[in-house]
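These are the residues of each chain, in order.
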Amino acid sequence: MQRSNGEHMGRVITITSGKGGVGKTTTTANLGTALALQGGRVVVVDADIGLRNLDVVMGLENRIVYDLVDVVEGRARLRQALIKDKRLPELCLLPAAQTRDKDAVTREQMIDLTGQLRREFDFVLIDSPAGIENGFRNAIAGADEVIIVTTPEVSAVRDADRIIGLVEAAEKGPPNLVVNRIKPRLVNRGEMLSVEDVLELLAITLIGIVPDDESIVTSTNRGEAAVYDHQSQAGRAFLDVARRLRGEEVPFPVLQEQQGVLERFFGIFGRRRS
Amino acid sequence: MGFFENLFGGRRDPSASVAKQRLMMVLVDDRYKLTPETLEQMKVEIAGVLSRYLPAVDAEQIEVKILRGEVNDYLKADIPLKRGQPDVG
């Protein structure tokens, strides 16, 4: 995006959820990596002050010198605090402070910070803290768009609904929804809310369906994004979310049931007999 | 649901539809902030208005629910009318 005065204007997108533990940080890391793989200049910002996490998920924890609060309080320049990704030169991380509390940053400072970042990058992805307090409000303060991550569970969907109300009240426009950790087998048995159920309840636009996938555990253990793993269903789903964010029309694939070792064995066994 | 059906793991509603029904009620409650007290108050007032036109409307018998629709939410009230008192008025 370009302003009329020729200044570069990247998109500031906040990833939030209300409830903790639904996959905000994993979504931010994978979406950031996917957008960079697809040619964008991307910065991911950890706005969870005091509970720094995005750095370990991305495998960049050993490179941190300065953090977001150092920049805001003038101890470091923005460029000094930005950490380059191991593989992708166009992907950067701005880490959260680990030793400060969540009120170390004000809303105005976040708006100012995102304003600086959008001049340098095409996408500024902000990983919001859980909850509906100051940390969340700061995280959406400078955002043009909001992505809400939920899982198909009653508590996560309820909190997502709360967050949607707050995002709408903050006049950020209608948020987009990522439904994370879908288990197709449970959905087929009627024992898990389907994506359609969640959409009917929350009534916002869907931008991603991410299956529950054990490869996320492995990739997080290694500090690598799942989008690099071509075997990872979740990784492929995040690549699709990135393409949709960039305006491409990508159909939602029908999720395959992930089979366990035993089932695979019996599957083969069964076929032989028939 | 019968005892034996339960015992043999028979026809319980799939938990997803239970979850959906519960969430519909909870989300509406979250959005409209209708406490049980205000709901009771509403029933008394509904009964008051209806009693001007109909005989024997009992506030305690009224069931009020808010249901979520695709575009709008809906207020649904079930109001039983007592039979067999045609001589009123």
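These lines cover the structure that appears in this document, whether it is placed above or below. This is a predicted model, so every value here is computed, not measured.

## Structural notes on the pattern of salt bridges
Thought 1: Scanning all chains against the criterion turns up 19 salt bridges over all chains.
Thought 2: Here A:Glu120 makes a salt bridge to A:Arg79, at a shortest N to O gap of 3.0 Å. Of this pair, A:Glu120 sits in helix H5 (residues 107-120) while A:Arg79 sits in helix H4 (residues 78-81), and the two are 41 residues apart along the sequence.
Thought 3: For A:Glu120, a relative accessible area of 37% puts it in the partly exposed group.
Thought 4: Taking relative accessible area as the criterion, A:Arg79 reaches 61% and is therefore assigned exposed.
Thought 5: Two residues, B:Asp30 and A:Arg158, come together in a salt bridge whose shortest N-O distance is 2.8 Å. Linking B:Asp30 in helix H2 (residues 15-32) with A:Arg158 in helix H7 (residues 154-169), this pair reaches from one chain into another.
Thought 6: Overall, the relative accessible area of 18% leaves B:Asp30 in the buried class.

## Some words on the nonpolar core
Residues and elements named next belong to chain A.
Thought 1: In this structure, Val-42 and Leu-125 are the most contacted members of the largest nonpolar core, which totals 37 residues.
Thought 2: Looking at this core element by element, the count peaks at six residues for helix H11 (residues 233-245).
Thought 3: Those residues in contact with Leu-125 that sit more than four places away from it in its chain are Ile-13, Ile-15, Thr-28, Leu-31, Gly-32, Leu-35, Val-42, Val-43, Val-44 and Val-45.
Thought 4: If you look at the next biggest cluster of nonpolar residues, it comprises 26 residues, including Leu-68, Ala-81, Phe-121 and Ala-139.

Rules behind the numbers
- Residues numbered from 1 in each chain as written.
- Chains lettered and ligands numbered in written order.
- Predicted model: local features only at pLDDT ≥ 70, side-chain atom pairs only at ≥ 80, totals over all residues.
- Heavy atoms only, no water.
- Salt bridge = Lys/Arg side-chain N within 4 Å of Asp/Glu carboxyl O.
- Helix = DSSP H or I, 4+ residues; strand = E, 2+ residues; numbered from the N terminus.
- Buried < 20%, exposed > 50% of the residue type's maximum accessible area, 1.4 Å probe, protein only.
- Core = buried A, V, L, I, M, F, W, Y, C linked by side-chain atoms within 4.5 Å.
- Contact = heavy atoms within 4.5 Å.

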